[in-house]
Structures are given as C-alpha cells and as structure tokens.
Amino acid sequence: MELINYVVRRLALIIPTLLGASLVMFVLTTLIPGDPALMRLGNFATAEQLKSLREEMGLDKPPYERYVLYLGGLVRGDMGRSWRTGNLVLDDLQARLPMSLELGVCSMLLAIAIGIPIGVWGAASKDSVVDYGGKAYGILGVAMPLFWGGLVLVYLFYFKFGIAPAPTGRIDMLVSPPTHLTGSYLLDSLLTGDLEAFLSSAAHLVLPVITLAFVTGASIARMTYTSMRKVLASQFIQVSHAYGISPRAIVYKFALKNALMPVVTLIGLQVGFLIGGVVLVEVVFSLPGIGRYAVESLLVNDFAPVQGFVLLVLVVYLLINLLVDLLYSVLNPQVHNG
Amino acid sequence: MATAQSTTQVLRLPALPIERLWKRAPVKRALAGNTLYRLGVLITLFWVGVALLAPWLAPYSPTQGEAALAQGGPSLAHLFGLDKYGRDILTRVVYGSRYDLCIAVTVVGCSLVVGTLIGSISGFLGGKMDNLIMRVMDMLLAFPSFVLALVFVAVFRPSLMTLMIALSIRFIPMYARLVRGEMFVERVKEYAVAAQAIGSAQVRLVFRHLLPNSLSPLITQSTTNISWAVLNTAGLSFLGVGIQPPTPEWGVMISEGSPYIVSGQWWMSFFPGMALILMTAGFILVGDGLSARTER
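### Some points on the overall build of chain B
Here's step 1: Along the backbone of chain B there are 12 helices and zero strands.
Here's step 2: Helices and strands in chain B line up, N terminus first, as α-α-α-α-α-α-α-α-α-α-α-α.
Here's step 3: Looking at chain B as a whole, 45% of its 296 residues are labelled buried.
Here's step 4: Long-range contacts, defined here as pairs at least 24 residues apart, represent 71% of the contacts in chain B between residues at least 6 apart.

### A few points about the overall build of chain A
Here's step 1: When you go through chain A residue by residue, the secondary structure sums to 13 helices and zero strands.
Here's step 2: The N-to-C order of helical and strand elements in chain A reads α-α-α-α-α-α-α-α-α-α-α-α-α.
Here's step 3: Expressed as lengths along the three principal axes of its C-alpha atoms, the size of chain A is roughly 85 × 55 × 40 Å.
Here's step 4: Here chain A holds 338 residues, and the buried ones make up 39% of them.
Here's step 5: A fraction of 69% describes how many contacts in chain A between residues 6 or more apart in sequence connect residues 24 or more apart.

### Describing the interface of chain A and chain B
Here's step 1: Between chain A and chain B, the residue contacts involve 38 residues of the former and 37 residues of the latter.
Here's step 2: Those elements giving two or more residues to the side of chain A that touches chain B turn out to be α1 (2–31), α6 (129–143), α7 (146–160), α9 (195–232), α10 (235–242), α11 (247–284), α12 (290–299) and α13 (303–331) of chain A.
Here's step 3: Broken down by element, the side of chain A that touches chain B gets its largest block of residues, seven residues, from α7 of chain A.

### Regarding unusual backbone geometry
Here's step 1: A cis amide bond links Pro245 of chain B with the next residue in sequence, Pro246 of chain B, at an omega value of 10°.
Here's step 2: Phi at Ser286 of chain A is positive, roughly 45°, even though this residue is not glycine.
Here's step 3: Tracing the backbone through its elements, the reader meets Ser286 of chain A in the loop between α11 and α12.

### Quick notes on the nonpolar core
Here's step 1: By size, the foremost hydrophobic cluster in this structure holds 149 residues, and its most contacted members are Phe309 and Val310 of chain A together with Ala149, Leu150, Val151, Val153 and Ala229 of chain B.
Here's step 2: The element contributing the most residues to this core is α9 of chain A, with 16 residues.

### Regarding helix α9 (residues 190–197) of chain B
Three or four residues apart is the spacing at which side chains of an α-helix point the same way, because the helix has 3.6 residues per turn.
Here's step 1: With zero of its eight residues buried, α9 of chain B lies for the most part at the surface.
Here's step 2: After α9 of chain B finishes, the residue Gly199 of chain B shows a positive phi value of roughly 85°.

### Examining the packing of α11 of chain A against α12 of chain A
Residue and element names in this part refer to chain A.
Here's step 1: The N-to-C vectors of α11 and α12 enclose an angle of 80°; their axes lie 7 Å apart at closest approach. When the axis of α11 is compared with that of α12, the two are roughly perpendicular. Where α11 approaches α12, its residues Val278, Val279, Glu282 and Val283 are matched on the opposing element by Gly291, Arg292, Ala294 and Val295.
Here's step 2: Residue composition of the contact of α11 with α12, by class: five nonpolar, one polar and two charged.

### Here's the deal with the environment of Ile267 of chain A
All names here are of chain A.
Here's step 1: Tracing the sequence through the fold places Ile267 in helix α11.
Here's step 2: Judged by the 24 C-beta atoms lying within 10 Å of it, Ile267 is buried.
Here's step 3: The sequence separation of Ile267 and Ser100 amounts to 167 residues, and the corresponding C-alpha distance is 18 Å.
Here's step 4: Excluding residues that lie within four positions of it along the chain, Ile267 makes contacts with Ile112, Ile220 and Val324.

### Focus: the packing of α9 of chain A against α11 of chain A
In a pair of packed helices, the angle between the axes and the distance between the axes together describe the arrangement.
Residue and element names in this part refer to chain A.
Here's step 1: Two numbers describe how α9 lies on α11: the axes approach to 9 Å, and their chain directions differ by 155°. When the interaxial angle is binned, α9 and α11 end up roughly antiparallel. Where α9 crosses over α11, the handedness of that crossing is right-handed.
Here's step 2: For the contact of α9 with α11, the class distribution of residues is 18 nonpolar, eight polar and no charged.

### Notes on helix α7 (residues 145–155) of chain B
Residues and elements named next belong to chain B.
Here's step 1: Among the 11 residues that make up α7, 11 are buried, leaving the element largely enclosed by the rest of the structure.
Here's step 2: Listed as buried for α7 are Ser145, Phe146, Val147, Leu148, Ala149, Leu150, Val151, Phe152, Val153, Ala154 and Val155.
Here's step 3: Just downstream of α7, Arg157 is the residue with a positive phi angle, here 60°.

### Quick notes on the confidence of the model for chain B
Residues and elements named next belong to chain B.
Here's step 1: Confidence in the prediction of chain B, expressed as mean pLDDT, is 80, and 88% of residues score 70 or more.
Here's step 2: Within chain B, the element-level pLDDT minimum falls on helix α1 (residues 2–12), averaging 40, and the maximum on helix α11 (residues 250–257), averaging 90.
Here's step 3: This stretch, residues 1–16, has a pLDDT under 50; its non-local contacts, to residues over four places away or in other chains, come to 20 contacts.
Here's step 4: Taken over the whole predicted complex, pTM reads 0.83, whereas the ipTM for its chain interfaces reads 0.84.

Reading the values: rules and limits
- Residues numbered from 1 in each chain as written.
- Chains lettered and ligands numbered in written order.
- Predicted model: local features only at pLDDT ≥ 70, side-chain atom pairs only at ≥ 80, totals over all residues.
- Helix = DSSP H or I, 4+ residues; strand = E, 2+ residues; numbered from the N terminus.
- Buried ≥ 20, exposed ≤ 12 C-beta atoms within 10 Å, placed from the backbone.
- Contact = placed C-beta atoms within 7 Å.
- Core = buried A, V, L, I, M, F, W, Y, C linked by C-beta atoms within 7 Å.
- Axes fitted to C-alpha atoms, helices over the stretch in contact; angles between N-to-C directions.
- Parallel < 35°, antiparallel > 145°, perpendicular 65-115°, else oblique.
- Nonpolar A, V, L, I, M, F, W, Y, C, P; charged D, E, K, R; others polar.
- Left-handed = near helix turned anticlockwise from the far one by under 90°.
- pLDDT = per-residue confidence, 0-100.

Put into structure tokens, the structure is as follows:
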C-alpha cells in the first residue's frame, strides 16, 4: 500500500515538471530572434504570403494565448505539425520512437553486462592485469567522444573488413521490413518469424549498440569499481577476513550485494547521458529515430518537432528514474519510501 | 591482502585542505602523487603548451588549403594528411586545442563561481528561499543535459556565447548542490561552532570560514567537469549547432571528415578524435588523482 502511494505521488510529480518544461520550451521558441514565418518562407516572400502564414501559425495572437492553445493541444495529444515533413509531430514521433528505444535498451543492457563484471573483477583483484585493463578501459571509454567511436567502427567493420552493413538506415534496402506490431524491427520480425528481416535489422543495430555500450559501460565500470573498493575496505569485510571466510565468498556474497546498491541509482542517472548518446549515434549511423528527427528539425528551425521531442524524452527519462528508484527500494530493505 | 594495501596507499597521500595546497610549491606538490595522476598533469600541461604556442608549432595555415592536394593521406610533409579543401590536419588539430580547452575551462570556471554563490547564498538564507532555489536546481539537474544544451544552442543561433551559456546551465546546479551540502557538513564542525561562539557575523562565517573549507571537493569535481565540457562542445559542434566551420574545432573536423569514412579516408576524422581523447583523458586522470587524495 505504501509502495502504491509512493508511485502515485511520484507520477503526480511528473506533471509539474512537464508543465515547467513545456513553458520553458515555449518561451525559448518564442524568444527566438527573427520571424518564424519569414524563416520558413525565405527572404523573397510577399507581404500577403507572410501575413497568411502568420495567421495560420497563430503568430498574430498574443504569446500567453498561444501558450494556452499549445497546452490545450498537448492535453489532446496534439503537438502541432512539422512543416519539414508535413506530418503531425505525434505521428512522426510514434513512427520513430521504437527505433530509438530499441537502440537505447539494447545498448544499456550490453553496457551493464560489460561494465559491472569489469568493475567487480577489477576491484576484487587489485593490481592485477584485470585491474589495470579495467581501469584503462574505464578511462578510454569515458574520454572517447562516442560519435568518433562510431565512425572508427564504421571504418573498420564496413570499409576495412566488409562485415558490417553500410551505416544507412535500420534494415537493408532489399529486405522488406517486418509486419508492424510494436514498431521495433527486432521484436516484430521475431514475433512474425521473419528471419531475413531479423538478421538484417540486427546487423544494422550491432555497430550503433556497441558504440553506445562501450562508452556507457565504461562509466558503469568506473562507478562499480569505486563502489566495490569502498565496500571491500570497510570493517565488516575485514572482520570476515579475520573469521577466515574464503575471499571468493567475501567478494561475491558479501561485498557485491552492498556495492551494487549505489550502482543501481547511478545507472538511472546514466540514462540521461544515454539519451544524448542516442541522438549522436542516430546521426552517425543515419538511423531514423527521434534523435535524428529532432536534430534535423532543429537545423531548419522547425520547432514543433523539437518541443515534442523534448517532452517525450523527459517523460521517458522520468519514468525510467522512477523505475530505478522502485528497483532500489526492492533491493534495499533499509529504504522506506518516505 | 588487497584491502590492507589500499589503506596504506591512501594514507601515504596526505589529505590537504586546498589552501595549503596552493601555498606549497605547486609544481612539486602536483607531481608528488601517483603515476597516473602525474601522467594526467603532464597531458594537461602538454595541451596548454600546444594551445599557447599553436602559431609557432603548426607548420601550415589552419584555414588556407592547397586544393591540388585535397584529401591526401598522411605523408612526411603532412603527417596527419589533408582534408577536403587541402588543409593540413596536423595544423588544424594544433589550433583546435585552443577552442575546446578555452571553452571548457571558461564554462567550468564560470559555473563554479555562479554555482558556488547560488549554493552558499541558498544555504545561508535557509528556510523557504533555500527550498525554492534548490527545487529549481533539481529541476535543471533532472533534464538530460545534452538535449537541453542542444535545444538551447539551436534556438538561440549557434555562437560562442550561447554555447557557453548552454553548457553552464548544466554545471551550475551541480556546484550549487555540492557547495550547499559541503557547507552543511562544515557548519557543525568545531571551528565553525567556535567562530560563532566568538561572535563572528553570519556572512563572515559563511564566506570566510565555511566556503574556503568546502572548496576542495569542488576543485576535484571541476577537472571531471572540464572533460565533460570538452566532449559536449565537440558533440554539439559535430551536430552542427556548436562552433561553425571553417573554425578548426575538433568536433567540426570530425563532422567534416565523416562522409569520407565510408570511402576509407579515415585520417580526416581520426586525428581530431584522438586529440579529443588525449585531452579528456588528461583531465580525467587529474580528477581521479585529486579525488583519491582528498578522500578521507
């Protein structure tokens, strides 16, 4: 019961945050120097064309009225229309979100699978090869710009060895995409048993996922390492050593449990970083996700999609952090959701 | 035993308050830590040197190219090769150190000052104001930072100023929270209580006693922040919303070279990226060394 209360309260907190964000976005986009209608039509537009477009875009109304209209639209799920693609922003985002989720989720899972073992193993065997190797990986991964890492992978595996597909799109041109169920090509092709589509879309995901996971995994490895070292230096571990419990049992049974607690929270924070990474990786590999959609819209001053993108990202981010906090309270009985 | 070793290692490096760190011969102190830390300091000094001496180190002009040699690979005359306009990449990498380094240091420096002020004022005021200020800071922290910077820069036209403001928005709340937390820890320590007991004013207590003693974790955090700021600057420039071509900035150079990767001309993007790694790694190593030193 307490848990349900907590979840409801946290969910309710999302609404003011979104309101704040939508207001900030709205103010930012109305503050832009220059006339949006003029930007869209170019310098050769006639006065009448400008006037009618301004009316169509609602620019003749005062700002507060436009904000109220915009909010009203949001409540009905109307995020406006992108003039670059000509579609409703909501439809555009819906079509592109599964791709980005697919990329983000696969990368995060791989990053956790790389980062935690390296961190734990390195901390448990101090001054060994694993320790130094793990440290070197941690520093390299955190220092590397991931868009550059993606390019290096493309050069090696596409150009040099020729085993990866070209960095364009999420599936081969000649392969037809799987029947639309969830929007994720991996899931859809598995569910419909379309092996060809599955292999092709998986092949297009491998390099982007490795790029993101390499960098994210390095942060996770560093956090796990620090946390693990702290626990291993604590008194209860030294007492366990004095009792003659085997080092293996101490590391994997006693220390690991305690060391992973803070790591769970920190992984939640990594999600914010991952979202920025998804944007960059989608651009590098020309993947049709929400990140590239937002960047391409930004570059031509098409702001309705950007507003939609920011709100969507915020919702995803806040929900994931809520999930992480819940997971934390399940793992750690000391935490009472107060 | 692993744990015993680590304790002695930590003990060998005395945890010094930041004031004493400055008073002793700084170079000697800086080099007294462990090897990785020393390496980090060396790398950082290397880049500072390169940035200062760029016009004398670089063999060619950073913006004028030889069209006849365009897209040429690495050779003896052009160690890092040439880009699509025939500009020498080594020269551009050398000049590029100025942009990312200056931007990152300025951004972090400004955020440090502003964030510290906000944090200490908030902590000093206490009560409702404190609550309000910190809620706003939390809200800013809750935003995925790269996306925030991306939108901000794009909306206000990419320029050096907007880029720096956008990056600062991310770091200011971080410092404000850190400094406020530190001051709450320091406030109950004996020296602070003693200062209050002899009747020093609140303002004096905060700015003369608490603040200087809360600074050392901020300095540690700053080196890590500089490496993030470098990567974010390059990332935004790569997307086309940061520094604009033909400026020889590393992110811009990687972006300009990226179409040639699929045809095997790797050097245009590769070398600026390596430079970026070397610069951020330097700051990360320094940060790691400092935090190992100050950990009590």
